[in-house]
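# Secondary and tertiary structure notes
Chain by chain, the residues:
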Amino acid sequence: MEFDTIAAISTPMGEGAIAIVRLSGEDAIPIADKLFKSIGGKKLTKMASHTIHYGHLIDTKTGQVVEEVMVSIMKGPKTFTKEDVVEINCHGGIVSVNRVLQHVLKNGARLAEPGEFTKRAFLNGRIDLSQAEAVMDLIRAKTDRAMNMALGQMEGRLSKLIRRLRQEILEILAHVEVNIDYPEYDDVEEMTHKMLNEKAHFVRDEINKLLQTSQQGKILREGLSTVIVGRPNVGKSSLLNSLVQENKAIVTDIPGTTRDVIEEYVNVRGVPLRLLDTAGIRETEDIVERIGVERSRQVLKEADLILLVLNYSDMLTVEDENLFEVVRGMDTIVIVNKTDLPRQIDMERVKLLAKDHKIVTTSLLEDQGVDELEEAIAALFFAGSLEAGDMTYVSNSRHIALLHQSLQVIEEAIEGVEIGTPIDIVQIDLTRTWELLGEIIGDSVHESLIDQLFSQFCLGK
Ligand SMILES: Nc1nc2c(c(=O)[nH]1)N(C=O)[C@@H](CNc1ccc(C(=O)N[C@@H](CCC(=O)O)C(=O)O)cc1)CN2
Ligand SMILES: Nc1nc2c(ncn2[C@@H]2O[C@H](COP(=O)(O)OP(=O)(O)OP(=O)(O)O)[C@@H](O)[C@H]2O)c(=O)[nH]1
Ligand SMILES: [Mg+2]
């Protein structure tokens with residue numbers, strides 16, 4: 001494929017040791033060559049691929065020195081984009097790197113759109129769509145585990161599995177075709193049924209297995225949505241502050257301090273949490289507080305993990321008991337806070353209400369019990385073998401939605417065969433499954449979707 005030559009700053013905006021302006025396209029090397037002057041007077045256009053050269057960039061109009069640089073020359077197709085790539089390494093200053101970019105643009109390159117380098121890697125066939133999406137996941141990864149998951153997907157772990165499943169479906173389709181062409185052969189029909197039973201079930205089971213990783217995958221990628229709930233004044237905001245190790249939420253001894261939902265990201269022993277501190281749940285006349293309480297109830301419904309906070313120095317109330325009802329069936333850790341004060345709470349009753357939920361006692365004032373809480377969180381979500389390193393995870397909502405659709409359609413096909421649906425109807429379902437799986441890796445996806453996906457990337461990627 002032939003595209004124009006694009007350029008962008010590929011390093012973050014700010015002061016640093018070095019910054020990079022990257023070019024990709026047919027004219028990348030001639031454009032750099034126009035600007036470049038080395039001490040020995042060598043021409044970049046004459047240099048071997050994958051070499052780096054020291055010199056100066058010169059203003060083509062005035063002859064003045066623009067910057068002192070190192071320039072890498074990489075000829076396609078063995079490059080990130082499969083096109084000719086030039087990387088100009090300049091000093092890491094905002095003015096410096098912008099100046100280099102401006103001169104590159106003046107000499108024939110076009111400013112790249114966000115994600116356009118990676119988009120070219122995709123359009124030129126070096127990576128598929130799920131691998132390109134993984135590049136973005138890798139950049140955004142907040143933990144080691146999330147990064148390993150992205151690396152696995154970038155290396156094509158998911159793509160390989162999807163291709164294998166599509167291949168199985170193609171093999172069934174080939175048989176179905178024979179069946180349609182030669183309906184008079186009974187043994188062909190029998191074969192088709194046997195094939196369908198074996199291969200279609202295999203595909204269905206694999207899709208199911210992948211979908212089972214989606215919760216873990218999404219958690220790794222987006223963070224576990226963790227909601228702190230409890231009556232007013234039990235120490236919910238104190239808990240948030242203690243987990244993020246900063247005073248992010250306002251803490252006072254006035255019940256009803258927190259009104260809006262407060263959101264913070266924190267990494268607890270490799271488990272990325274999206275922590276949500278909520279307004280203490282109680283019946284209230286205060287209109288602002290009441291809206292806050294309503295919001296607390298809303299976020300509760302979408303939580304992956306609940307941290308239910310109780311007050312050690314107070315008796316259990318009806319509100320506390322109600323909260324246990326609300327969180328029933330959800331992953332919950334019960335935190336009994338303020339153990340530095342004399343006990344008023346009935347711990348036997350707490351144990352009864354908590355059922356299988358883990359109970360942790362804390363004194364946030366004295367920084368007691370937070371370690372144990374962190375351990376409990378990690379244990380709940382990464383019990384033993386669940387490591388992102390050696391598993392194929394699906395974490396991307398787009399992929400998950402497509403897998404759900406594929407599953408539904410292939411199940412219709414399987415069922416269709418069992419109840420004697422005409423084979424050409426089954427053929428349609430199988431073809432559709434094949435297409436849906438293809439969308440994950442970017443076969444048969446619409447151009448506007450591709451544009452939209454890459455536009456979410458950072459500039460220069
Ligand atoms: N300076 C620099 N560092 C960088 C990048 C970059 O573009 N520039 N990358 C950008 O994200 C990442 C590295 N990713 C890359 C992926 C593939 C190829 C590449 O040339 N692939 C060829 C094979 C090359 C070979 O075998 O020698 C290919 O797949 O055909 C280059 C970089 C991280 N570090
Ligand atoms: N003695 C003692 N006081 C605590 C402890 N944890 C929090 N507090 C105090 O309890 C009061 C309420 O704490 P917050 O964290 O604001 O409680 P909250 O649950 O967020 O309250 P609302 O936002 O009103 O629902 C503050 O005065 C805290 O300093 C603790 O472990 N021991
Ligand atoms: Mg609060």
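Residues numbered from 1 in each chain as written. Chains lettered and ligands numbered in written order. Predicted model: local features only at pLDDT ≥ 70, side-chain atom pairs only at ≥ 80, totals over all residues.

Identification of the protein as tRNA modification GTPase MnmE from Neobacillus rhizosphaerae is taken from an unreviewed UniProt entry. One UniProt comment on the protein, placed under Subunit (unreviewed entry), says "Homodimer. Heterotetramer of two MnmE and two MnmG subunits." Recorded in UniProt for the protein, the comment headed Sequence similarities (unreviewed entry) runs: "Belongs to the TRAFAC class TrmE-Era-EngA-EngB-Septin-like GTPase superfamily. TrmE GTPase family." (UniProt positions renumbered as here; feature names shortened; annotations may be inferred.)

## Description of the UniProt feature "binding site: Mg(2+)" (unreviewed entry) in the protein
UniProt's feature table lists "binding site: Mg(2+)" (unreviewed entry) at Ser 237 and Thr 258, given in the numbering used throughout. Spatially, the listed residues are clustered: although they cover 22 residues, their C-alpha atoms lie within 7.6 Å of one another. Among the structural elements, Ser 237 can be located in helix α9 (residues 236–244). Excluding residues that lie within four positions of it along the chain, Ser 237 makes contacts with Ala 249, Ile 250, Val 251, Thr 257, Thr 258 and Asp 277. Tracing the backbone through its elements, the reader meets Thr 258 in the loop between α9 and β9 (262–268). (Helix = DSSP H or I, 4+ residues; strand = E, 2+ residues; numbered from the N terminus. Contact = placed C-beta atoms within 7 Å.)

## A few points about the sheet that holds strand β5 (residues 65–74)
With mixed pairing, the 7 strands of this open sheet are ordered in space as β3-β4-β5-β6-β2-β1-β7. At either end of the open sheet lies a strand with only one pairing partner, and these are β3 (36–37) and β7 (110–111). When strand β1 (residues 6–9) meets β7, the two strands line up parallel, connected through 2 bridges. By the bridge assignment for β7, Ala 7 is matched with Leu 111. The strands touched by helix α2 (residues 94–106) are β1, β2 (16–24), β4 (51–58), β5, β6 (85–92) and β7; relative to β2, the strand with the most contacts, the crossing angle is about 15°. (Pairing = 2+ DSSP bridges. Axes fitted to C-alpha atoms, helices over the stretch in contact; angles between N-to-C directions.)

## Overview of the environment of Asp 356
Residue placement: Asp 356 occurs in the loop between α12 (347–354) and β13 (358–362). For Asp 356, a count of 5 C-beta atoms within 10 Å gives the class exposed. C-alpha of Asp 356 to C-alpha of Ile 333: the two residues are 23 residues apart in sequence and 9.5 Å apart in space. (Buried ≥ 20, exposed ≤ 12 C-beta atoms within 10 Å, placed from the backbone.)

## Quick notes on helix α14 (residues 397–418)
Relative to the 32 Å expected for 22 residues at 1.5 Å per residue, α14 spans 32 Å between its end C-alpha atoms, a close match to the ideal helical length. Inspection of α14 places His 399, Leu 402, Leu 403, Ser 406, Val 409, Ile 410, Ala 413 and Val 417 among the buried residues, and these make up the whole buried set. The arc that holds every buried residue of α14, seen down its axis, measures 140°, which confines them to one face. What points out from α14, more than 90 degrees from its buried face, is the exposed set Ser 397, Glu 415 and Glu 418. Once α14 finishes, Gly 420 follows within two positions and takes phi at roughly 75°, a positive value. (Expected span 1.5 Å × (residues − 1). Arc of directions from axis to C-beta.)

## Quick look at the domain arrangement of the protein
Domain boundaries in the protein define domain 1 (6–112), domain 2 (143–213 + 394–454) and domain 3 (229–382). One C-alpha centre belongs to domain 1, the other to domain 3; they are set 54 Å apart. (Domains from an automatic or database assignment.)

## Some details on the site of ligand 1
Around ligand 1 sit Pro 77, Lys 78, Thr 79, Phe 80, Glu 87 and Arg 126, and that is every residue in its neighbourhood. In terms of residue class, the shell around ligand 1 is built from 2 nonpolar, 1 polar and 3 charged. (Near = placed C-beta within 6 Å. Nonpolar A, V, L, I, M, F, W, Y, C, P; charged D, E, K, R; others polar.)

## Re the site of ligand 2
Surrounding ligand 2, one finds 24 residues, the nearest of these being Gly 235, Ser 237, Ser 238, Thr 258 and Gly 280. A per-element tally of the shell around ligand 2 places α9 first, with 3 residues. A per-class count over the shell around ligand 2 returns 8 nonpolar, 12 polar and 4 charged.

## Here's the deal with the packing of helix α6 (residues 157–181) against helix α15 (residues 423–441)
It is the contact of α6 with α15, at a shortest axis distance of 9 Å, that shows an interaxial angle of 160°. By the angle between their axes, α6 is roughly antiparallel relative to α15. Note that α6 runs across α15; the crossing there is left-handed. Between α6, through Ser 159, Ile 162, Leu 165, Arg 166, Ile 169, Leu 170, Ile 172, Leu 173, Val 176, Asn 179 and Ile 180, and α15, the contact on the second element is made entirely by Ile 423, Asp 424, Val 426, Gln 427, Leu 430, Thr 431, Thr 433, Trp 434, Leu 437, Gly 438, Ile 440 and Ile 441. (Parallel < 35°, antiparallel > 145°, perpendicular 65-115°, else oblique. Left-handed = near helix turned anticlockwise from the far one by under 90°.)

## A look at the pairing of strand β11 (residues 305–311)
Two faces belong to every sheet, and in a regular strand the side chains alternate between them. By the criterion of burial, β11 is predominantly enclosed, with 7 of the 7 residues buried. Of the two faces of β11, the one lined by Leu 305, Leu 307, Val 309 and Asn 311 and the one lined by Ile 306, Leu 308 and Leu 310 are each fully buried. Alignment of strand β8 (residues 224–230) against β11, held across 5 bridges, turns out to be parallel. Bridged to Thr 226 within β11 is Leu 305. As paired strands, β11 and strand β12 (residues 332–337) are joined by 6 bridges and run parallel to one another. Paired with Leu 310 across the two strands is Val 336, which belongs to β12. Taking the sense of rotation as the criterion, the β-α-β connection linking β11, helix α11 (residues 318–326) and β12 turns out right-handed. (Right-handed = clockwise from strand over helix to strand, strands pointing away.)

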